[in-house]
Amino acid sequence: MAHEILTVAQMYSVDRAAMQAGIPGSLLMERAGMAVAREAIILCGGRPRPVVILCGPGNNGGDGFVAARHLSAAGWRVRVGLLGDRVALRGDAAWAAECWTGCVDVASPDLLSGAGLVIDAMFGAGLNRPLEGQALALVQAMAQPGLPVLAVDVPSGIHGDNGVVLGAAPVADVTVSFFRPKPAHYLYPARGHVGRLVIADIGIPDTVLASIGPTIQTNDPTLWRAQFPRPAVTGHKYQRGHALILGGTVMTGAARLSARAALRLGAGLVTLACEPAAQLVYSLSMPSLIVQPITDAGGFSELLADPRRNAVLLGPGAGTGALLREAVLASLRAGKAGVLDADFFSSFAGALSTLRQAGLNDRWVLTPHEGEFARLFGPLTGSRLDRARHAAAESGAVVLLKGPDTVIAHPDGRVRVNHNAPPDLAIAGSGDVLSGLILALLAQGMDPFDAASTGAWLHGAAGQYCGRGLIAEDLPEAVPAVLKQNNL
Ligand SMILES: NC(=O)C1=CN([C@@H]2O[C@H](COP(=O)(O)OP(=O)(O)OC[C@H]3O[C@@H](n4cnc5c(N)ncnc54)[C@H](OP(=O)(O)O)[C@@H]3O)[C@@H](O)[C@H]2O)[C@@H](O)CC1
Ligand SMILES: Nc1ncnc2c1ncn2[C@@H]1O[C@H](COP(=O)(O)OP(=O)(O)O)[C@@H](O)[C@H]1O
Ligand SMILES: [K+]
């Protein structure tokens, strides 16, 4: 299964490389339009419906003309509406329009009356400004209840790279794109407009990717299955890593959730360090948890001195006092691997250089949600993907930017987009479970970028497994079933 996501610029390079390899652009367009026609037939259960195809002035419109020809040949009643002037069509789009022998109307909202399906072939990769005028009116007209929409490449109005809606965009039932997906197919808000995504093979050989060097991937077990830690037959607990968590005194639920997740995902031992006032809460919560009372950061440093304690989680429920700050700096200086989450971001707001000086590097995973992200990194611009990548480069650490489209970025520029998380995960404590999952994988020696990817995916899978009504406590308990289900 292919995991690459290509930016619009990379897709244009792919196009050029395919043509240099001797595949004419018109052939690519022919196959693209055929794929669109095929998916329209599937969408309508094989029963022809009156279809309106709205074609734009570029090659996206060209795909529409090809689809029109194939649907018409299959016995469908096809009306084509063109946005712009027919004589202004160029290149392959002009060729595709010439091959269409039916009539071509001026694209207008009236055309849609009586339609059983609309194919949106107005703008794809070439969208370069917000929709207005007639294009905007057409998108608004597509929002009729009960009118299915099939989008070609991307719903018109969606920018392929950043997932932003420029003005307006239809909410498609199906989007048919070609060769590889674009970032917008996975990033919100665009993802909410894409519907079912079909990536059609239009005969571009995978070999063209060698010269492109894609850096963005969709997150999936095939990327990290081979690195997933499994207990050795003759292994003992110390070979499965010893995770260390700093627990707070007031919000004790957070660190308990993290600890539970770390234990469930196979960390050999989990120690939770806390002030004596909270010791009983933690001790009584989980018999398998080791609880170590500490009175200050010196006590935490003593725990760090044991090299077997190889992975540290700092932040969930930890409060924003001196203890957390000093524990973070001591852990970085000690050269541990770990996860920095939750209260860590308030404690180190705008203090990236302090963290870097203390030794923040790619053994560490930062797991902010949008608000926490802005606290540490400031108001960065660009897509979530751009911002996570920028933050990873700036911090030197792996950055996992949480959300329905969690983005995981490595400082070397690699990025993965997670896409299996159900909205049921948007609940208190859910992020604490995620950081505990990643901690367990780091403790077991997994590469931090893979650990973050694996943690995000398992978190999404656990959310799906529990379904509606889940609470954060359910997620660690779902881990054994999810591992079994996925043969991990
Ligand atoms: N391998 C591949 O990738 C393959 C790609 N293929 C297809 O090619 C598509 C890309 O084609 P493309 O480059 O011609 O761009 P496209 O999306 O048609 O738009 C450009 C036109 O829109 C105009 N325009 C832009 N924004 C506008 C706005 N807001 N409002 C109004 N006008 C606006 C812009 O006008 P201008 O900026 O010049 O004024 C220009 O005329 C791609 O999405 C896929 O469907 C397949 O055929 C096969 C293989
Ligand atoms: N709409 C959503 N769909 C899917 N996952 C979501 C959605 N909203 C949040 N999440 C996930 O839920 C978790 C919430 O984490 P966070 O905000 O840190 O919660 P908490 O601090 O209460 O633990 C993150 O893993 C995030 O990716
Ligand atoms: K489109």
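Everything quoted here is computed from the prediction, not taken from an experiment. (Residues numbered from 1 in each chain as written. Chains lettered and ligands numbered in written order. Predicted model: local features only at pLDDT ≥ 70, side-chain atom pairs only at ≥ 80, totals over all residues. Heavy atoms only, no water.)

Engineer: Whenever I open this one, the overall build of the protein confuses me. Can you help?
Structural biologist: Within the protein, the secondary structure is distributed over 18 helices and 18 strands. Along the first, second and third principal axes, the C-alpha atoms of the protein reach 80 × 45 × 40 Å. Relative to its full complement of 488 residues, the protein shows a buried share of 57%. Excluding contacts between residues fewer than 6 apart, the proportion of contacts in the protein whose partners are at least 24 apart in sequence is 73%. Accessible area of the protein: about 19,100 Å², with a carbon and sulfur share of 53%. Where the 38 positive side-chain charges of the protein centre and where its 39 negative ones centre are 5 Å apart. (Helix = DSSP H or I, 4+ residues; strand = E, 2+ residues; numbered from the N terminus. Buried < 20%, exposed > 50% of the residue type's maximum accessible area, 1.4 Å probe, protein only. Contact = heavy atoms within 4.5 Å. Areas by Shrake-Rupley, 256 points an atom, 1.4 Å probe, with all protein chains shown as cover. Lys, Arg positive; Asp, Glu negative; His and termini not counted. Charge placed at Lys NZ, Arg CZ, Asp CG, Glu CD.)

Engineer: Hey, could you run me through the site of ligand 2 in this one?
Structural biologist: Residues in contact with ligand 2 amount to 18 residues; listed here are only the nearest, Lys-402, Gly-403, Leu-425, Gly-429 and Gly-431. Gly-403 places a main-chain nitrogen or oxygen 3.0 Å from an oxygen atom of ligand 2. Gly-429 places a main-chain nitrogen or oxygen 2.8 Å from an oxygen atom of ligand 2. Contact with the protein chains hides 78% of the accessible area of ligand 2, taken as 580 Å² for the molecule alone. Split by residue class, the shell around ligand 2 holds 9 nonpolar, 7 polar and 2 charged. (Near = heavy atom within 4 Å. Polar contact = N/O pair within 3.5 Å; in protein donor to acceptor, adjacent residues only side chain to side chain. Nonpolar A, V, L, I, M, F, W, Y, C, P; charged D, E, K, R; others polar.)

Engineer: Looking at this structure, I do not really get the site of ligand 1. What am I missing?
Structural biologist: Taken together, 23 residues lie around ligand 1, and Tyr-12, Asp-63, Gly-124, Arg-129 and Asp-153 are the ones closest in. Pro-130 places a polar main-chain atom, nitrogen or oxygen, 3.5 Å from a nitrogen atom of ligand 1. When ligand 1 sits alone it has 950 Å² of accessible area, and the protein chains cover 79% of it. For the shell around ligand 1, the secondary-structure elements that each account for two or more residues are helix H1 (8-20), helix H2 (25-43) and helix H3 (59-73). Classifying every residue of the shell around ligand 1 by side-chain character gives 13 nonpolar, 6 polar and 4 charged.

Engineer: Honestly, the coordination of the potassium ion (ligand 3) in this entry has me stumped. Any pointers?
Structural biologist: Octahedral metal centres with six donors ideally show angles of 90 or 180 degrees, and tetrahedral centres with four donors ideally show 109.5 degrees. Protein coordination at the potassium ion (ligand 3) comes from Asn-60 (OD1), Asp-120 (O), Phe-123 (O), Val-152 (O), Val-154 (O) and Ser-156 (OG), with a distance range of 2.6 to 3.1 Å. Metal-centred angles of 67 to 173 degrees between the 6 donor atoms at the potassium ion (ligand 3) mark the site as irregular. Summarised as a motif, the one-chain spacing of the donors to the potassium ion (ligand 3) is N-x59-D-x2-F-x28-V-x1-V-x1-S. Here Asp-120 is found in strand S5 (residues 117-121), whereas its partner Val-152 is found in strand S6 (residues 149-152), with 32 residues between them in sequence. (Donors = N, O, S within 2.8 Å, 3.2 Å for Na, K, Ca; no water. Tetrahedral: all angles 85-135°; square planar, octahedral: opposite > 155°, others 65-115°.)

Engineer: Just to check I follow, could you spell out the sheet that holds strand S7 (residues 174-178) for this structure?
Structural biologist: Two pairing modes exist for strands in a sheet, parallel and antiparallel, and in both the strands are linked by backbone hydrogen bonds. As summarised here, the arrangement of the 7 strands in space is S4-S3-S2-S5-S6-S7-S8, forming an open sheet in which the pairing is parallel. Among the strands making up the open sheet, the edge pair consists of strand S4 (104-106) and strand S8 (196-200). Adjacent strand axes in the sheet meet at a mean angle of 25 degrees when their direction is disregarded. Sheet topology places S7 next to S8; 5 bridges connect them, and they run parallel. If you follow Val-176 over to S8, its bridge partner there is Val-198. On top of the sheet, H3 reaches strand S2 (51-55), strand S3 (78-82), S4, S5, S6 and S7; it is set at about 155 degrees to S2, its chief contact. (Pairing = 2+ DSSP bridges. Axes fitted to C-alpha atoms, helices over the stretch in contact; angles between N-to-C directions.)

Engineer: Sorry, what's going on with the UniProt feature "binding site: AMP" (unreviewed entry) in the protein here?
Structural biologist: Under the present numbering, the feature "binding site: AMP" (unreviewed entry) in UniProt falls on Lys-402, Gly-403, Pro-404, Asp-405, Thr-406 and Gly-431. A maximum C-alpha distance of 13.9 Å among these annotated residues, which run over 30 residues, shows that they cluster at one spot. With respect to the element layout, Gly-403 can be found in the loop between strand S16 (398-401) and strand S17 (407-409). Among all residues touching Pro-404, those that are not within four sequence positions of it are Tyr-188, Arg-191, Asn-418 and Ala-421. (UniProt positions renumbered as here; feature names shortened; annotations may be inferred.)

Engineer: Looking at this model, I keep getting lost on the UniProt feature "binding site: K(+)" (unreviewed entry) in the protein. Mind explaining?
Structural biologist: UniProt annotation of "binding site: K(+)" (unreviewed entry) refers to Asn-60, Asp-120 and Ser-156 when read in the numbering used here. Maximum C-alpha separation among the annotated residues is 9.5 Å over a sequence range of 97 residues, consistent with a single clustered spot. Discounting residues that sit within four places of it in the chain, Asp-120 has contacts with Leu-54, Asn-60, Met-142, Val-149, Leu-150, Ala-151, Val-152, Val-154, Pro-155, Ser-156 and Pro-170. A relative accessible area of 0% places Ser-156 in the buried class. Reaching out from Ser-156, the side chain makes a polar contact with the side chain of Asp-120 at a distance of 2.5 Å.

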